[in-house]
Amino acid sequence: MTHPRIRRRPALPGRRAVAVTVPVVVAALLAMAGPATAAGPVGAPGVGDPYFPLAGNGGYHVSHYDLTLRYDPDSGHLDGKAVLTARATRRLTSFDLDLSGLKVTGLTVDRARAAHRRDGQELVVTPRRALRKGQSFRVTVTYRGTPAPVTDPDGSLDGWIPTDDGAFVAGEPQGAMTWFPANNHPLDKSAYDFTITVPQGRTAVANGVLLGRSTKHGETTFRWRQSEPMAAYLATATVGRFQVKQYKTRSGIQVYDAVDPREAAAAAPVLKKLPSVLEWESKLFGPYPFRAAGSIVDRAPNVGYALETQTRPVYDSAPGLSTLVHESAHQWFGDSVSLTSWKDIWLNEGFATYAEWLYAEQHGGDSAQKTFDALYATPADGELWEFPPADPGSGANIFGTPVYARGAMALHALRTAVGDRVFLRVLRAWADLHRYGHGTTARFQRLAERESGKNLTALFRTWLHTEGKPAAP
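Throughout, residues of each chain are indexed from 1 in the direction in which the sequence is written. pLDDT decides what is reported in this predicted model: residues at 70 or higher carry local features, side-chain atom pairs at 80 or more are listed and counted, and totals for whole chains, interfaces and linings draw on all residues regardless. Only hydrogens and water are removed before side-chain values are computed, so all heavy atoms of the structure are retained for them.

S.K.: Mind laying out unusual backbone geometry, listing which residues take part and the relevant values?
M.R.: That bond from Glu172 to Pro173 is cis: its omega, 0°, falls within 30 degrees of zero. Elements are defined by DSSP. Helices are runs of H or I of four residues or more, strands are runs of E of two residues or more, and each kind is numbered from the N terminus. Structurally, Pro173 is set in the loop between strand E11 (167–170) and strand E12 (189–199). In the Ramachandran plot, Asp110 falls in the positive-phi region, its phi being about 50° despite a non-glycine side chain. Mapped onto the elements of the fold, Asp110 is located in the loop between strand E4 (103–109) and strand E5 (112–113). Its identity is not glycine, yet His217 carries a phi of approximately 55°, on the positive side.

Okay, here's the thing in structure tokens:
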């Protein structure tokens, strides 16, 4: 994500229908459940994230979402049907889904009506029969209402954000639950199908590959498929009046760009560079992890950020080249390799920010060392040193300057310590070993030590875990 916390503060040099295999560590976290009751074991209302304790749910894994939506931008009304294909990771007499604000009009588990109740953002489901450990099951939820964004701890909007011609849909970190019932934490990644109907003249853009579109009775229906696993917060269903361009890159990636006509002139020179940016990043980080790419350039002045929605980042206005590089790098770091905890978000934002530095260095701009030095020269009481990147302290800080800029500085310090050849090998190995999976700061340190043959404990402690401005490197 590129975010006002970074991009629009006083300038510093310069906020993703197949089964998915769940890593053992993820399955263990998803298996968490609440205490046994007289009725039997229940799924936990969250996966235990320290910053968003109700995010996600315990006791099951969703392998596939099939979302059918009808949205009227004029009234703001949404009708939805979500079919979740899941597997119980323990015996369950009930389980939770994350859903905020919308009215549930029907709910079944394996085609049998199931009892349900609302508890804040939790939709608590009690199937007619308890689910066995390892049992596959299907949940169908129909719902309707006027979706509205949530306000994040830092005051920004997140989720289904209305615009003057549709909706800007960006779900980091909480917003997926504003428009579909979800297991809403990056630990649970799934495949997706989207069927979105909007008034004729509007375009609905989601993740992955466009399977088809059809128009009748004054409405147009778009069908999208995201086959590779994706965290719920990376899903989008952005709606607007867009100019659309489709093409394939030389490596066969299907590109779909949707641009608000009011942003088209400013966006065109930057979007033209997307194939070369993806090619450059593929040489550094390894093969592009998805079959589709592209951009959604909206006009959403009340948003203030861009987001790396999987395969197709969404921009609130025409992006600059550095923002395009940043959001594209997230396809490797954040989308393919996902978080296990929001506390580790520097693994997303620090990596994407450092990709900006590398791109500038190799395309006639400042060297990464020069950018590092300029940042280090900022006062010790400045925002860059407010908290360590690997411990932001709360959800209010996860898009703060230290996560982005000091996170990138940590990577540059690593590069300086191990040399360019080993450093790039570490980046490629990280993207390859955890492709479509998850990572942690501790795993990244172990990988860097293995590839370099060095003890890097002091470096990681200094740049990622220590409060305040480090001593001169």
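Further notes follow.
S.K.: Account for the nonpolar core, naming residues and giving values.
M.R.: What we call a nonpolar core is a set of buried Ala, Val, Leu, Ile, Met, Phe, Trp, Tyr and Cys residues that are connected through their side-chain atoms within 4.5 Å. We call a residue buried when its accessible area falls under 20% of the maximum for its residue type, exposed when it is over 50%, and partly exposed in between, using a 1.4 Å probe and counting protein chains only. Counting residues in hydrophobic clusters, the biggest one holds 139 residues, and the most contacted among them are Phe95, Trp179, Phe180, Phe194 and Phe444. Examining the composition of this core, we find that ten residues originate from one element, helix H8 (residues 401–418), more than from any other.

S.K.: Requested: an account of the sheet that holds E4, with residues and values cited.
M.R.: Paired strands, as defined in this entry, are two strands with at least two bridges between them according to DSSP. Taking strand neighbours across the sheet as the criterion, the eight strands line up as E5-E4-E8-E2-E1-E12-E15-E14 in an open arrangement whose pairing is mixed. Both edges of this open sheet fall to E5 and strand E14 (209–216), since each of them pairs with a single strand only. Relative to strand E15 (residues 219–231), E12 is paired through ten bridges, and the arrangement is antiparallel. From the neighbouring strand, Val198 faces E15, where its bridge partner is Thr220.

S.K.: I'd like to hear about the sheet that holds strand E18 (residues 254–259), residue by residue, with values.
M.R.: Taken in spatial order, the four strands make up an open sheet running E17-E18-E19-E20, and their pairing is mixed. A single partner strand is all that each edge strand has here, and the edge strands are strand E17 (243–248) and strand E20 (314–315). In terms of strand pairing, E17 meets E18 through six bridges, oriented antiparallel. Bridge pairing in E18 places Gln243 opposite Val259.

S.K.: An account of the confidence of the model for the protein is needed here, citing residue identities and associated values.
M.R.: Confidence in the prediction for the protein averages 93 pLDDT; 92% of positions are at 70 or higher. Note on scores: pLDDT gives the predictor's confidence for each residue, bounded by 0 and 100. Between two residues, a contact is recorded if the distance between any of their heavy atoms is within 4.5 Å. Note on residues 5–38: pLDDT is under 50 here. Beyond four places in sequence and across chains, it has 104 contacts.

S.K.: Quick one: what's the story with the pairing of strand E2 (residues 77–88), residue by residue and with numbers?
M.R.: For strand E1 (residues 60–72) and E2, the ladder comprises twelve bridges, and the chain directions are antiparallel. For Val62, the partnering residue across the bridge sits in E2 and is Ala86. Between the antiparallel neighbours E1 and E2 lie four residues, among them Gly76 with a positive phi of about 80°. Strand direction decides the pairing type here: E2 and strand E8 (residues 136–145), joined by ten bridges, are antiparallel. By the bridge assignment, Lys81 is partnered in E8 with Thr142.

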